[in-house]
Amino acid sequence: MLERSSLAENALTSLHDEEYDVPLNLQNLNHSTMVFTKGRTSTSLNGSWNFCVDLLDTGLRQKWYEMQPANPVDRVEPWDYDPFMGESIPVPSNWAMLKEKWYFFEGSAWYTKKLPPELFKKRESDAESDQRYILRVGAAQYDCKVFLNGKFLGNHYGGSTPFYVELTDDLAEETNWLMLCVNNTRTLDRVPMRNTDWFNYGGVYREVELFSLPREFIRDMFIRLSQDGRAIEVDVVVDRAVDSAVDGPSIHHAHLEIPELGIAQKINIEHGKGTCRIAAEPERWSPENPRLYKVVLTAGEDRITDNVGFRSIVRQGVDILLNGEPIWLRGISVHEDDDILGKVTSDEDIRRRLAHAKELGCNFLRLAHYPHHERAAELAEEMGFLLWQEIPVYWAIDFDNHNTLKDAKNQLIELIKRDRNRASVIIWSIGNENPDTDSRLSFMRDLAETARLYDPTRLVAAACLINHAKLKIEDRLVDHLDVIGINEYYGWYDENFDDLYAIGKNSDPDRPVIISETGADGDNSSQGPSGGLFSEKYMADVYRRQIDTLQKLAYIKGMSPWILYDFRVERRQNIFQRGFNRKGLIAADKSTKKEAFNVLASFYHSIKD
Ligand code: GCB
């Protein structure tokens, strides 16, 4: 008789086990495992991966990740999926965009790839044997469990921030199989929760890379202009291999160089950490002068580089001061969405977005409603744009649930740690249109404090609430913010435009307000109406009236109307929407402009200095 494996036994017992995924939900891949990878070379794991959607979680129940590659004729037990053969898809991608039958699929999906064997040839040579191998997944929506050669290495929550897994100790000498189980189920207790106004794209939709690092490596570097503007401050974290006999890293100093400023500075490292203040007068970064300096940090055998702009951003009364000067934020909101590719983006896509923003006369973008690709902040820094970045604490999150707070906080810290060297980013936003309850207040207060703890150099905002009974900007969260975002849709959801005048008059905020959203839908296709709601003309009129009203309010320090491009969303199904939110100034083809584009462009160009 053929001898069967424990997997066969498990396949039967697992039918009745509803706790099958509990041991696999550690959320141990979080902000604490992040590694500074910008500017480092890596081995790309993009390209073709074996793939299977798994609605019933059969793979987790039956432990598909423990299967060994085998010729089907040699297998000794029946199997429900073979991770080593079958269908494949490209990474990065969103499965909804690849096959019609996957369009609305929500659940687990399996990705399997053999790691490039060249990597392990290197491991055999003496010089490389001390290397450590770190896997970076740019983004996988929402829960991603990682398995290497059948072993569970951990999971990550959060659909839009990168995560990092050390593979070193679990790599085999010859063949290595990596498996990811990605689940995009919307749940009540996560961030975001079940209901959103954007499409629930699942999949590994940003780059996957493998980094080979020295035994002791630079885990983190946070560099910025000091608050008094007279120095550059830097914090460094050095990591050592876990099994090192040394108590703490043997690295006792790092070297920072900024050649164009004549800086070559030794930084003392104690217990893996170092911090330093270096007197300097860098030229200030601004949208008009996006000046970047090359920064090089070395520690032991490791070396990282970054291109960094130095600038200050503070709030003073109702003003936002950039490098000490009041600034008015001429903005536009954007989603990370593409008619053909879903959430997959590229330099070309981001550059097109920034070029359209330039054409509008913008100096500011709101990257809604979740962390966008890190290249967005990098290209904005190069091309001279200020950014509002946010996490998906959107609508009615489960504010009473400490697991939800843990998820939100982790995504916030991951975003901040990823992008806090970017001069372009001036605002961390912690939430969007959340109902004003006691639990929401304490949840959001915690997030505001967390943002300041991890980055005391930027402004904290949220899209807040209007008291519609009193017609006044009134939200208890405001006390914990530097900038008040207001989403208002007078002329669209709220039909009475006079109310906007009343709100303007009745409100007397003690800090700056940004109109973080306003707008109207306009279908400019051949199916669109020629007048009334959903017409291009009506939309342009809303823009005219909004601009006319808002520009008279002195405490308003900017706006980011909703939105640059039409974007896909399940909940918009009328004959003009057809599965898209049509509030874009440009249609979903990212080229056909609507009349409102010109209305906003002429306003922004008229107020440009
Ligand atoms: C909002 C939301 C945004 C929606 C928008 C709309 O207030 O913040 O996510 O897409 O309104 O179009 O209704």
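Residues numbered from 1 in each chain as written. Predicted model: local features only at pLDDT ≥ 70, side-chain atom pairs only at ≥ 80, totals over all residues. Heavy atoms only, no water.

Chemist: Which residues make up the side chain of His-356, and what values go with them?
Modeler: Turning to its location among the elements, His-356 is positioned in helix α4 (residues 347-360). Classification of His-356 by relative accessible area gives buried; the value is 10%. Beyond its immediate chain neighbours, meaning those up to four positions away, His-356 contacts Leu-564, Tyr-565, Ile-586, Lys-590, Lys-593 and Phe-597. (Helix = DSSP H or I, 4+ residues; strand = E, 2+ residues; numbered from the N terminus. Buried < 20%, exposed > 50% of the residue type's maximum accessible area, 1.4 Å probe, protein only. Contact = heavy atoms within 4.5 Å.)

Chemist: So what's going on with the site of the ligand? Residues and values would help.
Modeler: Close contacts around the ligand come from 14 residues, with Asp-197, Tyr-394, Glu-433, Tyr-493 and Lys-583 the closest. Trp-562 is positioned with one of its side-chain polar atoms (N or O) 3.0 Å from an oxygen atom of the ligand. Residues that form the shell around the ligand fall into these classes: five nonpolar, four polar and five charged. (Near = heavy atom within 4 Å. Polar contact = N/O pair within 3.5 Å; in protein donor to acceptor, adjacent residues only side chain to side chain. Nonpolar A, V, L, I, M, F, W, Y, C, P; charged D, E, K, R; others polar.)

Chemist: Could you give an account of the UniProt feature "domain: Glycoside hydrolase family 2 catalytic" (unreviewed entry) in the protein, naming the residues involved and the relevant values?
Modeler: According to UniProt, the feature "domain: Glycoside hydrolase family 2 catalytic" (unreviewed entry) maps to residues 319-599 in the numbering used here. Within residues 319-599, the helical portion is 31% and the strand portion 20%, while the C-alpha atoms at the span's ends are 26 Å from each other. (UniProt positions renumbered as here; feature names shortened; annotations may be inferred.)

Chemist: Describe the sheet that holds strand β13 (residues 217-225), naming the residues involved and giving the relevant values.
Modeler: Taken in spatial order, the three strands make up an open sheet running β13-β14-β17, and their pairing is antiparallel. With one partner strand each, in any of the chains shown, β13 and β17 (273-279) form the two edges of the open sheet. Between one strand and the next, the sheet's axes are offset by a mean angle of 15°, whatever the strand orientation. In this structure, β13 lies alongside strand β14 (residues 231-239), joined through eight bridges in antiparallel fashion. Counterpart to Phe-222 in the pairing with β14 is Asp-235. (Pairing = 2+ DSSP bridges. Axes fitted to C-alpha atoms, helices over the stretch in contact; angles between N-to-C directions.)

Chemist: I'd love a proper account of the pairing of strand β8 (residues 151-157), names of residues and values included.
Modeler: With six of seven residues buried, β8 is to be regarded as a mostly interior element. In terms of strand pairing, strand β7 (residues 143-148) meets β8 through six bridges, oriented antiparallel. Residue pairing in the sheet places Val-146 in a bridge with Gly-154 of β8. The turn linking β7 back onto β8 is made up of two residues, and Asn-149 within it adopts a positive phi angle of 50°.

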